[in-house]
Amino acid sequence: MSAVATDRLIRPHGGSLVDRTGAAPDDLSGLEVVTLTSRELSDLDMLASGALSPLEGFMAADDYESVVEDMRLSSGLAWALPVCLAVDAAPQGDRVALADGSGRTVAVLEVEGVFDYDKEREAERCFRTTDAQHPGVERLYAQKGRYLAGRVTVFERAQPPFPELALDPADTRAAFSDRGWKRVVGFQTRNPIHRAHEYLTKTALETVDGLLIHPLVGDTKSDDVPAVTRVECYRVLVDGYYPADRVLVSAFPAAMRYAGPREAIWHAICRKNYGCSHFIVGRDHAGVGSYYGTYDAQLIFDEFEPHELDIEPMFFEHSFWCRVCGSMASAKTCPHGGDDHVFLSGTKVREMLGRGELPPVEFSRPEVAQVLIEAYRA
Ligand SMILES: [Zn+2]
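Rules used in this analysis
- Residues numbered from 1 in each chain as written.
- Predicted model: local features only at pLDDT ≥ 70, side-chain atom pairs only at ≥ 80, totals over all residues.
- Heavy atoms only, no water.
- Helix = DSSP H or I, 4+ residues; strand = E, 2+ residues; numbered from the N terminus.
- Contact = heavy atoms within 4.5 Å.
- Core = buried A, V, L, I, M, F, W, Y, C linked by side-chain atoms within 4.5 Å.
- Buried < 20%, exposed > 50% of the residue type's maximum accessible area, 1.4 Å probe, protein only.
- Salt bridge = Lys/Arg side-chain N within 4 Å of Asp/Glu carboxyl O.
- Pairing = 2+ DSSP bridges.
- Donors = N, O, S within 2.8 Å, 3.2 Å for Na, K, Ca; no water.
- Tetrahedral: all angles 85-135°; square planar, octahedral: opposite > 155°, others 65-115°.
- Expected span 1.5 Å × (residues − 1).
- Phe/Tyr/Trp six-rings, centres within 6.5 Å; stacked < 30°, edge-to-face > 60°.
- Lys NZ or Arg CZ within 6 Å of the ring centre and 35° of its normal.
- Axes fitted to C-alpha atoms, helices over the stretch in contact; angles between N-to-C directions.
- Parallel < 35°, antiparallel > 145°, perpendicular 65-115°, else oblique.
- Nonpolar A, V, L, I, M, F, W, Y, C, P; charged D, E, K, R; others polar.

K.L.:
So what's going on with the environment of L211? Residues and values would help.
P.N.:
Within the element layout of this structure, L211 appears in strand β8 (residues 210-215). For L211 and V184, which are 27 residues apart along the polypeptide, the C-alpha to C-alpha distance reads 5.6 Å. Not counting chain neighbours up to four residues away, the residues in contact with L211 comprise W181, V184, V185, F187, T201, L205, Y242, R246, V247 and L248.

Structure (C-alpha cells):
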C-alpha cells in the first residue's frame, strides 16, 4: 500500500486516523481497576482502532455537554452520541487500569476528570424519549452514575467474534486502495440482507467504485437475528450475487444503541473513518419499536452543513418487487399499487422460515432463506 494511494480516499473525521493501541506499562499492579461493560468494551476497541477518530478516549465534560446539547464536540466538529465510561466514584491516582468482564486488564486510562450527568436529559436529547422501555434508555438508566474521562491506551484488543472479518479502519482503507476504489459506499446492517437491501446496495454501487457491507456484530437486542447466522447469510449472498472485486464484507464492532437519528449520524462518521465516502441511510435507521418517525434518521442530516460530515448520505425508500414493472422498485420509481407488489411482513417471513418454507424469490434469495431456515431449526 502506498501513502499516495490512500490519499485518494476521504479523510478521517477531524483529519487523521487515531491509533490508541500501545504497549502495556511495566507495572500495572498499583492501579485501580475499572471493569467495563460489553458496550463500553466495544467503544474502547473502536477508540483503539481509530473508528471513533478524532476521539482518543472517553469524553470529558465539555465534549459531553456539547454533544448532548448541540451534536458537536467542544471543538465544533460534528459528533452525535456520547462515548462515555460510567463509574460509581472518582478513582484514586492519575491513571486507572481498564478490565474486561473476565478481569483481564486491557488498557490504561489517563484520568482527565470525573463528572456527574443527568440520565433523563441524556435520554431525552440522545434517544428522544425518557421511556425506560426503550432498550438504549434502559441501558443508560441501569449504568453507574458518574462519567470518567480520559485518553486510553489499549494493549489487549478485544477478541473479534469473526476474525476473518475483523478489519480496522486502516485495513479497510488499505483494501479500498488496493482495489483502486476512491468512492466507496458503506452499508450498515444488523439484519440478513433480503432483496430489498440487495437492491438498494446495488443501486448505490452503480454510482460509486465499491461497496462495504459492514454488519454490526457488537451487542444487539436478544430478539435480533444472531450475528453468526447473519454473517453466513452475507457470505452466501455475496458469493452468489455480487462481483467479488466490487464488494467487501467486514464486521463493524459497535454495540447497538438504538438511538435512531443520532445513531445514523454516528454510524456515518464511523464509516468515514473506515474510508467510506458515501453511506446508505434507509427508513428508520438504527430505530427500535415506534420511537422514531420513518424518515427521522434521514431528516437529521439537514441539521449539519454538508462539509461538517463530508461523508455523503444516500437516502432510500422502502423497496419491493413489482410484478408489473418486472423489477425491484420503490414508491419513487413505481406507479403501481400494493396488489402488484410482493411484500411480506417480518412476522410472516419468520413464520414461513419457521415452517421450513422458502419465501418467494422476489422477496429473498433462496440461498439466504436456506441459511435462515437452518438457523430456525437449530
Ligand atoms: Zn411497478
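K.L.:
Outline the nonpolar core, supporting the account with residue identities and numerical values.
P.N.:
Ranked by size, the top nonpolar core spans 76 residues in total, and within it L44, L52, F58, W79, L98 and W266 carry the most contacts. Element by element, the count of residues in this core is highest for helix α9 (residues 261-273), at six residues. If we skip the residues at most four places from it in the chain, L52 touches D43, M46, L47, W79, V83, W266, C270 and N273. I193, V217, V231 and L344 belong to the second-largest nonpolar core, a separate cluster that totals 36 residues.

K.L.:
If you had to explain the pattern of salt bridges to someone new, which residues and values would you point to?
P.N.:
It is possible for side chains bearing opposite charge to pair when their charged atoms get close. Summed over all chains, the structure comprises 19 salt bridges. Across the pair D43 and R39 runs a salt bridge whose closest N-O atoms are separated by 2.6 Å. With D43 and R39 both in helix α2 (residues 38-49) and four residues apart, the pair spans about one turn of that helix. The buried category is assigned to R39, whose relative accessible area is 8%.

K.L.:
How would you summarise the sheet that holds strand β14 (residues 341-342) if you had to cite specific residues and measurements?
P.N.:
Note on sheets: strands pair through backbone hydrogen bonds, and any given pair is parallel or antiparallel. Sheet architecture is open: three strands sit in the order β13-β12-β14, paired in antiparallel fashion. Single-partner strands in this sheet number two, and they are β13 (327-330) and β14. Pairing analysis gives two bridges linking strand β12 (residues 319-322) to β14, with the strands arranged antiparallel. Looking at β14, one finds that C322 is bridged to H341.

K.L.:
Describe in detail the coordination of the zinc ion, supporting the description with residues and values.
P.N.:
Within the protein, the zinc ion binds to C322 (SG), C325 (SG), C334 (SG) and H336 (ND1); these donor distances fall in the range 2.1 to 2.3 Å. For the zinc ion, the four donor atoms in the first shell make angles of 103 to 116° at the metal, so the coordination geometry reads as tetrahedral. Overall, the relative accessible area of 32% leaves C325 in the partly exposed class. Judged by its relative accessible area of 9%, C334 falls in the buried class.

K.L.:
Break down the pairing of strand β7 (residues 184-189) for me, citing the residues and quoting the values.
P.N.:
Burial runs high along β7: six of the six residues are buried. Burial along β7 is two-sided: V184, G186 and Q188 and V185, F187 and T189, pointing in opposite directions, are all buried. Of the strand pairs in this sheet, β7 and β8 are connected by six bridges, and their pairing is parallel. Bridging across to β8, Q188 finds its partner in H214. Sheet topology note: the β7/strand β10 (residues 278-281) ladder contains two bridges and is parallel. Note on β10: the bridge partner recorded for G186 is F279.

K.L.:
Can you explain α9? Please cite residues and give values.
P.N.:
Between its first and last C-alpha atoms α9 spans 19 Å; for 13 residues at 1.5 Å apiece the expected length is 18 Å, and the two agree. By the criterion of burial, α9 is predominantly enclosed, with 13 of the 13 residues buried.

K.L.:
Can you break down the packing of aromatic side chains residue by residue, with the values?
P.N.:
For the structure on display, the rule yields eight aromatic pairs. Relative to Y274, the ring of F252 has its centre 6.1 Å away and its plane inclined at 75°; by these criteria the two rings are edge-to-face. Of the two residues, F252 sits in the loop between β9 (247-249) and α9 while Y274 sits in the loop between α9 and β10, which places them 22 residues apart along the sequence. A residue is classified by how much of its surface remains accessible, and F252, at 0% relative accessible area, is buried. Residue classification places Y274 among the buried residues on the basis of a relative accessible area of 1%. Site record: aromatic cluster; members linked through ring pairs are Y64, F115, Y117 and Y147. Over the aromatic face of Y242 sits the side chain of K202, whose NZ or CZ is 4.7 Å from the ring centroid. Directly above the aromatic system of W266 lies the positively charged group of R257, at a separation of 4.5 Å from the ring centroid.

K.L.:
Just give me the short version of the packing of helix α12 (residues 346-354) against helix α13 (residues 366-377), but keep the residues and values in it.
P.N.:
Following both chains from N to C, one finds α12 and α13 inclined at 70°, their axes separated by 8 Å at the closest point. On the basis of their axis angle, the class for α12 and α13 is roughly perpendicular. Contacts between α12 and α13 pair R350, L353 and G354 from the former with A369, L372, I373 and Y376 from the latter. Looking at side-chain class alone, the contact of α12 with α13 contains five nonpolar, one polar and one charged residues.

Just geometry here; none of it tells us what the structure is for.
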